Amino acid sequence: MPTMPDNELNIFEKSRHGRRGLSLPKNGIDAKPLETLIEKRFLRNKPPELPEVPESEVVRHFVGLSMKNHHIDKGFYPLGSCTMKYNPKINERTCRLPGFSCAHPFQNDSTVQGALELMFSTAEYLSEIAGMHAVTLQPVAGAHGELCGMLITRKYHEKQGKQRKYVILPDSAHGTNPASVVCAGFQVKQVKSSADGTLSPDDLRAVIDEDTAAVMLTNPNTLGLFETEIEEIAKIVHDVGALLYMDGANLNAQLGIVRPGDLGFDIVHFNLHKTFSTPHGGGGPGSGPVGVVEKLESFLPVPVVTKRTDGNRHSFHLSYDRPDSIGKLHAFYGNFGVVVRACTYILMNGGEGLREVSEAAVINANYLKEKLRGKFDLPYPQHCMHEFVLSGNRQKKRGIRTTDMAKRMLDFGVHAPTCYFPLIVPEALMIEPTETETRETLDRFVEIMIQIDREVDEMPQTLKDAPHNTPVRRLDERKAATDLDVAWRTDDKL
Ligand SMILES: *Cc1c(COP(=O)(O)O)cnc(C)c1O
């Protein structure tokens, strides 16, 4: 019997003592033995067990892993709310320029003028895109941006002389919204979405009062619907002295078309790793800049990048002298590499290009919605923005759940949509194709969905056992959790 193909062995199993993928240059420094530099109690008794493999095996190892996984460079990834758009490779080139990638955060301002200018300009572009007065780049995720916005809200009310208790959220909100509200010391008040999936001004009036610190909305909301009453809602919020926060994770539908600031939002966070094409998934580095209106600028986290003009010379500086600031939210200046990528994306597209991005994202979503509504329930049938939500109710009545359909999609080499979210849609399938897919890819996805709907009647067991072609088959997610727990306790190799 031949042995297993190489890519079935893990990198430790491939290791052979003495094989090397690299050679380090002699540094020419008369190095002292480690024991004389580091206290003995901090030294290991033996070197760490690292795999020893030649470069060719390292490359095969990582290519093998990437093929087992699903990612945007491999196939369609319509994960609603996550905006898994293609990441242009030029972003990777610019963020690797040595002036950016080798800069040290403790370098003197005068030696990193280019990096500071890039931060200053990116914040300006984002301000322009969202119609905000100022932007901080420090938060490193959407959720982190929300926390930043909520801390700014606290500080604002404190300065107004009276702290407030509640933040109002619609029942369609992303799970990070209530979490951020609570982390910042507020309580959540929920308001139900109306029958058409949006927030009705009357429902908001019924719950808002002078104890409301802010109303946090996602626009377009998580059903992919634009909040049509948003200007009236802004008035209601401002009339009680509260702030209107926009979860801007869905900005991909709005670039160059509508600006949150013009609609009356006071704070908005961006998800650079969604709208602005920087890689994400698997918990990679994100970036969640926050924009604010003028009256909130002094509360932004420190440091702020400032521009000084002297004649026709400009220089850029990190300013810490901000007595009203909420303080620091993250080490140094946020995820700078992600900001370089997003800046590249903005400049490569330009204003017109960004508008086309949003137009194409909305057209692609509506195209899929219209192609699929014959076979799947569409609880909110109006024109959608960059995403839409189907319900698997019809299939459930025939014995197949959304989970089964989602697992089956993996067999066809596409990632499943977001499932069971938003919570207000039973058996939800939230589909966001993004603008970077071809019509052929969208048509193939439609064929897959229609094939799966056929399989509900013709081969239900295939759906219940799916996926069949992936390196890891269906996990019993509840059982897996208990098995893992037992394994942790009994098997020290795990
Ligand atoms: C992705 C998302 C968030 C959270 O962003 P993270 O970067 O994952 O923390 C918040 N709200 C909505 C609507 C989202 O889609």
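Residues numbered from 1 in each chain as written. Predicted model: local features only at pLDDT ≥ 70, side-chain atom pairs only at ≥ 80, totals over all residues. Heavy atoms only, no water.

Further remarks concern empty space enclosed by the protein. One pass over the structure, following the stated rule, counts two cavities of 30 Å³ or more. Of the pockets and cavities examined, the largest cavity occupies roughly 40 Å³. Taken together, Ile-72, Thr-83, Met-84, Lys-85, Asn-87, His-273, Lys-274, Thr-278 and His-280 make up the lining of the largest cavity. In terms of lining residues, the second largest cavity is bounded by Pro-170, Ser-172, Ala-173, Leu-217, Thr-218, Asn-221, Thr-222 and Glu-227. When its residues are assigned to classes, the lining of the second largest cavity shows three nonpolar, four polar and one charged. (1 Å grid on protein atoms, 1.4 Å probe; cavity = no way out; pocket = protein on both sides within 12 Å on 5 of 7 lines; lining within 4 Å. Points joined across faces, edges and corners; volume = space filled by probe spheres on them. Nonpolar A, V, L, I, M, F, W, Y, C, P; charged D, E, K, R; others polar.)

Here we take up the layout of surface pockets. Counted as a void, the largest pocket has a volume near 1000 Å³. If you go around the largest pocket, you meet 39 residues; those closest to its centre are Lys-68, Asn-69, His-70, His-71 and His-415. Mapped onto the lining of the largest pocket, the elements with two or more residues apiece are helix H2 (55–68) and helix H14 (402–411). Among the residues forming the lining of the largest pocket, the class breakdown is 16 nonpolar, 13 polar and ten charged. (Helix = DSSP H or I, 4+ residues; strand = E, 2+ residues; numbered from the N terminus.)

Below, the discussion takes up the pairing of strand S3 (residues 187–191). Bridging between strand S2 (residues 166–170) and S3 involves five bridges; their strand directions are parallel. By the bridge assignment for S3, Tyr-166 is matched with Gln-187. The β-α-β motif built from S2, the intervening helix H7 (residues 176–183) and the parallel element S3 has right-handed crossover chirality. (Pairing = 2+ DSSP bridges. Right-handed = clockwise from strand over helix to strand, strands pointing away.)

This part is about helix H15 (residues 439–458). Helix length check: H15 (20 residues) gives 28 Å between terminal C-alpha atoms against 28 Å at 1.5 Å per residue, within 8%. Of the positions making up H15, those classed as buried are Leu-442, Phe-445, Val-446, Ile-448, Met-449, Ile-452, Asp-453, Glu-455 and Val-456. Packing partners of the buried residues in H15 comprise helix H12 (336–372), strand S10 (388–391), helix H13 (393–397), H14, strand S12 (428–431) and helix H16 (460–465). (Expected span 1.5 Å × (residues − 1). Buried < 20%, exposed > 50% of the residue type's maximum accessible area, 1.4 Å probe, protein only. Contact = heavy atoms within 4.5 Å.)

This next bit is on the site of the ligand. Contacts to the ligand come from 13 residues, most closely from Ser-81, Gly-142, Asp-247, His-273 and Lys-274. Between Ala-143 and the ligand, the recorded distance is 2.8 Å, taken from a backbone N or O atom to an oxygen atom. Here Asp-247 contributes a side-chain N or O atom positioned 2.5 Å from a nitrogen atom of the ligand. Every element with two or more residues in the shell around the ligand is listed here: helix H6 (142–160) and helix H11 (272–275). Per-element accounting of the shell around the ligand gives the leading share, three residues, to H6. Its residues assigned to classes, the shell around the ligand shows three nonpolar, seven polar and three charged. (Near = heavy atom within 4 Å. Polar contact = N/O pair within 3.5 Å; in protein donor to acceptor, adjacent residues only side chain to side chain.)

Turning our attention to the packing of helix H5 (residues 113–130) against H12. As a packed pair, H5 and H12 sit with axes 10 Å apart at the nearest point and diverge in direction by 45°. By the angle between their directions, the pair H5 and H12 is classed as oblique. When you trace H5 past H12, the crossing you get is left-handed. Packed against H5, whose contacting residues are Ala-115, Leu-118, Met-119, Thr-122, Tyr-125, Leu-126 and Ile-129, the element H12 presents Phe-336, Val-339, Val-340, Cys-343, Ile-346, Leu-347 and Leu-354 at the interface. When the residues that make up the contact of H5 with H12 are grouped by side-chain class, the tally is 13 nonpolar, one polar and no charged. (Axes fitted to C-alpha atoms, helices over the stretch in contact; angles between N-to-C directions. Parallel < 35°, antiparallel > 145°, perpendicular 65-115°, else oblique. Left-handed = near helix turned anticlockwise from the far one by under 90°.)

Many structure descriptions define interface size as the accessible area lost when the parts assemble. If you check the domain split of the protein chain, you get domain 1 (6–68), domain 2 (90–349) and domain 3 (354–480). Summarising the inter-unit geometry, the C-alpha centres of domain 1 and domain 3 are found 43 Å apart. (Domains from an automatic or database assignment.)

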